[in-house]
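Chain by chain, the residues run as shown.
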Amino acid sequence: MVPITSDAMKPTILVTGSNGQLGSEIKALARHFTGYNFLFTDLEELDVTDNEAIDHFLNHHRADIIINCAAYTAVDRAENEPEPAAHLNTLAPGWLARQAAKRNALLVHFSTDYVFDGSQTHPYKETDTTNPLSVYGKTKLAGEQAIFQSGARALILRTSWLYSGHGNNFVKTIARLAAERTQLQVIDDQIGTPTYAADLARCVLYLISRFDYQGPAIYHYSNEGVCTWYQFASLIVEMLGLPCEVVPVSTKQYRAPAPRPCYSVLDKQLIRSAYGLSIPLWDVSLRMFLPQIINQSTPYTS
């Protein structure tokens, strides 16, 4: 008989989409969470839009917890690519949830502030009415619904304006463009909160280590504070010391393909009170992150 090692007794966390912004940050933090075994996959190892592939994978690999970081996040492109967006944002979480339910695994999934229409003038609570404006927002909301309909043990975290040192995001794009140009026009009438992916990754792993499952749950998590895209961009340029003028423009002037909520600040009181979280201010986290861009061998690339 093969003896049961301590590692074999640890719960296993499967992370999908592990090469993306959030998955990469979870990967970087995993070594600090020694009470778990981690299994990191991306599209090459596991196609989360293929139910049979998920079933086959989970038949061969134990997964007590599934953290789904795979998502279609190109908000504007989704307007012309609704099917690929729906495959990753709706079908995939639905399949993962059904497979998790078969194995009594916990599914942790991420959604977005874009499930709201932005008509409020105060932060959105988890129980507020959803009404997405864009294809992206609609596919993410449908993903939430598919998870809850599956009967899986599920935890959904809605977040906003995510950025990191991996993949494409607003911070890296602004840093690159501000290094190339003398002026940038940035929207100043959409209000929300930037979220550093490393902060969200810490939150997720912290929650999992303390999660007492009482039924499917949704929590909101972003960094603290509020700003417009213009204010966000201005601080990035200022902190990087770049000689680029940031000019505020309206949403109508910018004419982006996908409609966005004009106000999408998330209320985080529920997650703070439930887990005693101390959530960093968005500008403090941004200041901690920006040296990563400065120190890159090929800075300002997206």
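Just so it is clear, the model here is predicted, and its values are computed rather than measured.

Rules used in this analysis
Residues numbered from 1 in each chain as written. Predicted model: local features only at pLDDT ≥ 70, side-chain atom pairs only at ≥ 80, totals over all residues. Heavy atoms only, no water. Helix = DSSP H or I, 4+ residues; strand = E, 2+ residues; numbered from the N terminus. Rg over C-alpha atoms; globule rule 2.2 N^0.38 Å. Buried < 20%, exposed > 50% of the residue type's maximum accessible area, 1.4 Å probe, protein only. Contact = heavy atoms within 4.5 Å. Phe/Tyr/Trp six-rings, centres within 6.5 Å; stacked < 30°, edge-to-face > 60°. Pairing = 2+ DSSP bridges. Axes fitted to C-alpha atoms, helices over the stretch in contact; angles between N-to-C directions. Core = buried A, V, L, I, M, F, W, Y, C linked by side-chain atoms within 4.5 Å. Polar contact = N/O pair within 3.5 Å; in protein donor to acceptor, adjacent residues only side chain to side chain. Parallel < 35°, antiparallel > 145°, perpendicular 65-115°, else oblique. Left-handed = near helix turned anticlockwise from the far one by under 90°. Nonpolar A, V, L, I, M, F, W, Y, C, P; charged D, E, K, R; others polar. Salt bridge = Lys/Arg side-chain N within 4 Å of Asp/Glu carboxyl O. Patch = residues over 30% accessible without salt bridge, like charges linked within 9 Å, V, L, I, M, F, W, Y side chains within 5 Å. Areas by Shrake-Rupley, 256 points an atom, 1.4 Å probe, with all protein chains shown as cover. Disulfide = S-S within 2.5 Å.

Asker: Is there a simple way to explain the overall build of the protein chain in this structure?
Answerer: For the protein chain, the count of helices and strands is eleven helices and twelve strands. Computed over C-alpha atoms, the radius of gyration of the protein chain comes to 19 Å, within 12% of the 19 Å expected from 2.2 N^0.38 for 302 residues, which places it in the range of a compact globule. Taking the principal axes of the C-alpha coordinates as reference, the protein chain spans close to 70 × 40 × 40 Å. Across the 302 residues that make up the protein chain, the buried fraction comes to 50%. The contacts of the protein chain with a sequence gap of at least 6 include a subset with a gap of at least 24, amounting to 83%.

Asker: Help me out: how do you make sense of the packing of aromatic side chains in this one?
Answerer: Describing an aromatic ring pair means giving the distance of the ring centres and the angle of the ring planes. A full pass over the atoms with the stated rule returns 15 aromatic pairs. Considering the side-chain rings of Phe38 and Phe40, the 5.7 Å spacing of their centres and the 5 degrees angle between planes classify their relative orientation as stacked. With relative accessibility at 23%, the residue Phe40 sits in the partly exposed group. Arranged with centres 5.7 Å apart and planes meeting at 75 degrees, the rings of Tyr219 and Tyr275 form a pair that is edge-to-face.

Asker: Could you clarify how one ought to interpret the sheet that holds strand E3 (residues 65-68) in this entry?
Answerer: Neighbouring strands of a sheet are bound in pairs by backbone hydrogen bonds; such pairs are parallel or else antiparallel. Strand order across the open sheet formed by six strands is E2-E1-E3-E4-E5-E10, with parallel pairing between neighbours. Whereas interior strands pair on both sides, the edge strands pair on one side only; in this sheet they are strand E2 (37-40) and strand E10 (217-220). For this sheet, the mean inter-axis angle between neighbouring strands, taken without regard to orientation, is 20 degrees. Here four bridges tie strand E1 (residues 12-16) to E3, and the two strands are oriented parallel to one another. Counterpart to Thr16 in the pairing with E3 is Asn68. Taken strand by strand, helix H2 (residues 21-29) contacts E1, E2, E3 and strand E4 (106-112), and its axis lies near 150 degrees from that of E2.

Asker: How do you make sense of the nonpolar core when you look at a structure like this?
Answerer: Within soluble globular proteins, side chains that are nonpolar tend to cluster in buried spots. With 35 residues, the main nonpolar core has Val171, Phe232, Ile236, Leu286 and Leu290 as its most contacted residues. Among the secondary structure elements, those contributing two or more residues to this core are helix H5 (135-150), helix H6 (170-180), strand E7 (183-187), helix H8 (229-240) and helix H11 (282-294). In terms of residues, this core owes the most to one element, H8, which gives seven residues. If we skip the residues at most four places from it in the chain, Leu290 touches Val171, Ile236, Met239 and Leu240. Among the nonpolar cores identified, the runner-up in size contains 29 residues, and Leu22, Phe211, Tyr219 and Ile271 belong to it.

Asker: Help me understand the environment of Ser273 in this model?
Answerer: Topologically, Ser273 is positioned in helix H10 (residues 269-275). Within the structure, Ser273 has its side chain in polar contact with the backbone oxygen of Leu270 (distance 3.1 Å).

Asker: Can you help me understand the packing of H8 against H11 in this one?
Answerer: The geometry of a pair of packed helices is captured by two quantities: the angle between their axes and the separation between those axes. Running from N to C, H8 and H11 cross one another at 50 degrees; their axes reach a closest spacing of 10 Å. One way to sum up the angle between H8 and H11 is to call them oblique. The two elements H8 and H11 cross, and the hand of that crossing is right-handed. Residues Gln231, Phe232, Leu235, Ile236, Met239 and Leu240 of H8 lie in contact with H11, whose contacting residues are Trp282, Asp283, Leu286, Arg287, Leu290 and Ile294. Within the contact of H8 with H11, the residues separate by chemical class into nine nonpolar, one polar and two charged.

Asker: Hey, could you run me through the pattern of salt bridges in this one?
Answerer: When the charged atoms of two side chains with opposite charge come close together, those side chains can pair. Taken as a whole and judged by the stated rule, the model has ten salt bridges. Here Arg158 makes a salt bridge to Glu144, at a shortest N to O gap of 2.8 Å. Within this pair, whereas Arg158 is found in strand E5 (residues 153-159), its partner Glu144 is found in helix H5, the two being separated by 14 residues in sequence. Just as Arg158 is buried, Glu144 falls in that class too. Look at the salt bridges and you will find they share partners, linking Asp55, Lys102 and Arg103 into a network.

Asker: I would appreciate a short explanation of a nonpolar patch on the surface in the present structure.
Answerer: There is a patch of nonpolar side chains on the surface, built from Leu281, Val284 and Met288 and spanning about 300 Å² of accessible area. Within the secondary structure, Met288 sits in helix H11.

Asker: Just to check I follow, could you spell out the state of the cysteines for this structure?
Answerer: What makes a disulfide is a covalent bond joining the sulfur atoms belonging to two cysteines. Throughout the structure, instances matching the rule amount to zero disulfides. With no disulfide of its own, Cys227 lies closest to Cys262 among cysteine sulfurs, the gap being 15 Å. Its relative accessible area of 1% is what places Cys227 among the buried residues. Between Cys244, a free cysteine, and Cys227, which holds the nearest cysteine sulfur, the sulfur-to-sulfur gap is 17 Å.

Asker: Help me out: how do you make sense of the pairing of E10 in this one?
Answerer: Strand residues, when the strand is regular, have side chains that alternate between the two faces of the sheet. Alternating residues of E10 divide into Ala217 and Tyr219 and Ile218 and His220, and every residue in both groups is buried. In terms of strand pairing, E5 meets E10 through four bridges, oriented parallel. Residue pairing across strands places Leu155 opposite Ala217, the latter belonging to E10.

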